[in-house]
Structures are given as C-alpha cells and as structure tokens.
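Below, each chain spelled out in residue letters.
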Amino acid sequence: AQKVTQAQTEISVVEKEDVTLDCVYETRDTTYYLFWYKQPPSGELVFLIRRNSFDEQNEISGRYSWNFQKSTSSFNFTITASQVVDSAVYFCALSGDNQGGKLIFGQGTELSVKP
Amino acid sequence: GAVVSQHPSWVICKSGTSVKIECRSLDFQATTMFWYRQFPKQSLMLMATSNEGSKATYEQGVEKDKFLINHASLTLSTLTVTSAHPEDSSFYICSAHSRDNGRFEQFFGPGTRLTVL
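Residues numbered from 1 in each chain as written. Chains lettered and ligands numbered in written order. Predicted model: local features only at pLDDT ≥ 70, side-chain atom pairs only at ≥ 80, totals over all residues. Heavy atoms only, no water.

1. Some details on the overall build of chain B
Quick reminder of the rule: Under the DSSP-based scheme used, a helix requires at least four consecutive residues in state H or I and a strand at least two consecutive residues in state E, with every element numbered from the N terminus. Throughout, the radius of gyration refers to the C-alpha atoms, and the reference size of a globule is 2.2 Å times the residue count to the power 0.38. Each residue is assigned to one of three classes by its accessible area relative to the maximum for its type, calculated with a 1.4 Å probe on protein chains only: buried under 20%, partly exposed between the two thresholds, exposed over 50%. Residue contacts are defined here by distance: any two heavy atoms, one from each residue, within 4.5 Å place the two residues in contact. Values of accessible area rely on a 1.4 Å probe in the Shrake-Rupley scheme; residue burial ignores everything except the protein chains shown. His is not counted, nor are the chain ends; Lys and Arg add positive charge and Asp and Glu add negative charge. Each charge is placed at NZ for Lys, CZ for Arg, CG for Asp and CD for Glu.
When its secondary structure is counted, chain B shows 0 helices and 11 strands. Listing the helices and strands of chain B from first to last along the sequence gives β-β-β-β-β-β-β-β-β-β-β. Taken over C-alpha atoms, the radius of gyration comes to 14 Å for chain B, in line with the 13 Å a tight globule of 117 residues would show. Overall, chain B is about 45 × 25 × 25 Å in size when its C-alpha atoms are taken along their principal axes. When burial is assessed residue by residue, chain B has 50% of its 117 residues classed as buried. Residue pairs in contact within chain B that sit at least 24 positions apart in sequence constitute 54% of those at least 6 positions apart. Looking at chain B as shown, the accessible area adds up to about 5900 Å², and 51% of this sits on carbon and sulfur atoms. Each charge class in chain B was averaged separately, 11 positive and 10 negative side chains, and the resulting centres sit 4 Å apart.

Listed below in structure tokens is the structure:
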C-alpha cells in the first residue's frame, strides 16, 4: 500500500520566518517518485519538485529547499524567509514505479504567511 | 513544460443533467491520463486511470456508470458526470502522463469547478 502523510493541517507564520512542511510516505516499491505541489486559491496545481527515490541529494531552488531522507521515509520542504505570496495549500505526493503513474497525495498543509 | 488544458474551467448545472469535461495535452502525447476529484478543504483523490483506446480503470468507490471516461486519442480524454447531483459538486482535475525514455512526466490541467444546483 502507498500512503503519504502530511501531519500539519495548517501553519501560520509571519513574513520572513522560515517554515518547514513535513511529509512522510510509505511504499513497497523500490523505485518511486516524490513530488511537492503548491495550490493557490485559484486551484491550479503548481509543480515545485520531483525527486527520484535513488537521488537522495537535497535540493535548493531560491528560497525553497527539500530534504529527502530515505531512512525515515521523509521528504520535507522548507521555505526560507517566507513571503505573503507563499500562502497556499501545499501537497506532497508519491508515485510508485509499479503504479502506472498514479499519484497518491497527502492531506495537504495550508500555509498562511501574514505580513 | 508541457501544457494540459481543461474545458470548461467552471460549470454550473441543474441536478439531473450531464456534464462533460475535456482534458487535452497540447504539445505531447500522453500514454495515460488521470482524473482526480477534490472536495473543498480536502486533498486530491484519484477517480480513474484512462489509457487511450481502452476502458478506464476506476478506483474503489467511484461509480463507473456515473463518471464516464472516454480516451479517444493520445491527446484527449473526457469525463462525463451523468445525472449530476449536488454531492457531485467538486473540483475535477486531470493529469496527463508520459513515460518517455524511462523519464517520468506528469502534467496537471488547471481544473474544472463543477457546481450542481
């Protein structure tokens, strides 16, 4: 079975604070892909990152960084110096190599960045 | 990146009517398309997997006779909500998937907001 857990339902921070969104996953596939998406109020999913299970290198893209820890089955997402425009719902998702491309989404974390 | 379109972007209909939603991959051929549904304040839940030229595979609990999926070509899949009821009001999102040279690609459409009165 595949499962993605985002334990934080809502997070509220003040602008310029750093914030980490947690994601824990379960899968029996040895090869899998992990994703983060941002969903602003408009509803459209914005792709942020895809990570292959064989690539445990952490990644940084501007104010965004991701920490992939296979040992703890976690793929956490950190926003540094948060801005009001970062306010959105963020989803972590998993696709196992034997799942034909299906994505299993976590419950989502609603991030509110206040000025 | 690849573009996936959905039409319409929103629709309001009366209870009992049918609504068709189109999902198109505009600049690549998708081997598979997926349909997701998202109720307010909830996550995206996979409804069905659609492969060109074959019957869709539905997830447990999704009524195949109510949510008709047709995947006529590698660039077009349609979802028809038959005899819609207010509880079908939701945000429907499609994604187009391709596996090219072993590289996994998946692109989401902008979604269709359905309101059934």
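2. A few points about the packing of aromatic side chains
Note the following rule: The pairing test for Phe, Tyr and Trp rings, Trp by its six-membered ring, is centres within 6.5 Å, and the orientation test on the planes gives stacked under 30 degrees, edge-to-face over 60, and tilted for anything in between.
Per the stated rule, a full pass over the model turns up 19 aromatic pairs over all chains. Centre to centre, the rings of Y25 of chain A and Y32 of chain A are 5.2 Å apart; their planes meet at 55 degrees, and the pair counts as tilted. Y32 of chain A shares its class with Y25 of chain A; the two are buried. The interplanar angle of 90 degrees and the centroid separation of 6.1 Å between the aromatic rings of F91 of chain A and F105 of chain A together place this pair among those described as edge-to-face. Of the two residues, F91 of chain A sits in strand 10 (residues 88–96) while F105 of chain A sits in strand 11 (residues 104–105), which places them 14 residues apart along the sequence. Among the residues examined, F91 of chain A registers a relative accessible area of 1% and is labelled buried. Ring pairing ties together the aromatic residues F35, Y37, F47, F91 and F105 of chain A together with F34, Y36 and F108 of chain B, which thus form one cluster.

3. A few points about the interface of chain B and chain A
Quick note on the threshold: The term buried area refers to how much accessible surface (probe radius 1.4 Å) is lost by two components on association, counted for both of them together. Salt bridges are defined as contacts in which a side-chain nitrogen from Lys or Arg sits within 4 Å of a carboxyl oxygen from Asp or Glu.
In this assembly, 22 residues from chain B lie in contact with 20 residues from chain A. The junction of chain B with chain A conceals about 1600 Å² of combined surface from both sides, 51% of it contributed by carbon and sulfur atoms. When the buried area of chain B at its contact with chain A is split by residue, L44, F104 and F108 of chain B rank highest and sum to 33% of it. Linking chain B to chain A there are 2 salt bridges. Across the salt bridge formed by K102 of chain A and E59 of chain B, the nearest N and O atoms sit 3.1 Å from each other.

4. With respect to the state of the cysteines
Residues and elements named next belong to chain A. This is how the line gets drawn: Cysteine sulfur pairs qualify as disulfides if the two atoms are within 2.5 Å.
With the rule as written, the count across this model stands at 2 disulfides over all chains. In this model, C23 is linked to C92 through a disulfide, with the two sulfur atoms separated by 1.9 Å. What sets the handedness of the C23 and C92 disulfide is the S-S torsion sign, and at about -65 degrees it is left-handed. Remark: C92 occurs in strand 10 and C23 occurs in the loop between strand 3 (19–21) and strand 4 (24–26); sequence separation between them is 69 residues.

5. Some details on the environment of T5 of chain A
Residue and element names in this part refer to chain A. Relative to the elements of secondary structure, T5 occurs in strand 1 (residues 3–5). Accessibility expressed as a relative area gives 27% for T5, which makes it partly exposed. Note: C-alpha distance between T5 and S73 (68 residues apart in sequence) is 10 Å. In contact with T5, other than residues within four places in its own chain, are D22, C23, V24 and Q107.

6. Comments concerning the pattern of salt bridges
When the charged atoms of two side chains lie near each other, side chains of opposite charge can form a pair. What the rule picks out here adds up to 7 salt bridges over all chains. Put simply, D86 of chain A and R63 of chain A hold a salt bridge, and the shortest N to O gap is 2.8 Å. Of the two residues, D86 of chain A is situated in the loop between strand 9 (74–79) and strand 10 and R63 of chain A in the loop between strand 7 (59–61) and strand 8 (64–69); the sequence distance between them amounts to 23 residues. Residue class for R63 of chain A comes out partly exposed when judged on its relative accessible area of 25%. Between K66 of chain B and D88 of chain B there is a salt bridge whose closest N-O contact spans 2.8 Å. Separated by 22 residues along the polypeptide, K66 of chain B in the loop between strand 6 (57–58) and strand 7 (67–73) and D88 of chain B in the loop between strand 8 (76–81) and strand 9 (90–100) bring together distant segments of the chain. Judged on exposure class, the residue K66 of chain B and its partner D88 of chain B are both buried. The network of salt bridges with common partners includes R51, D55 and E59 of chain A.

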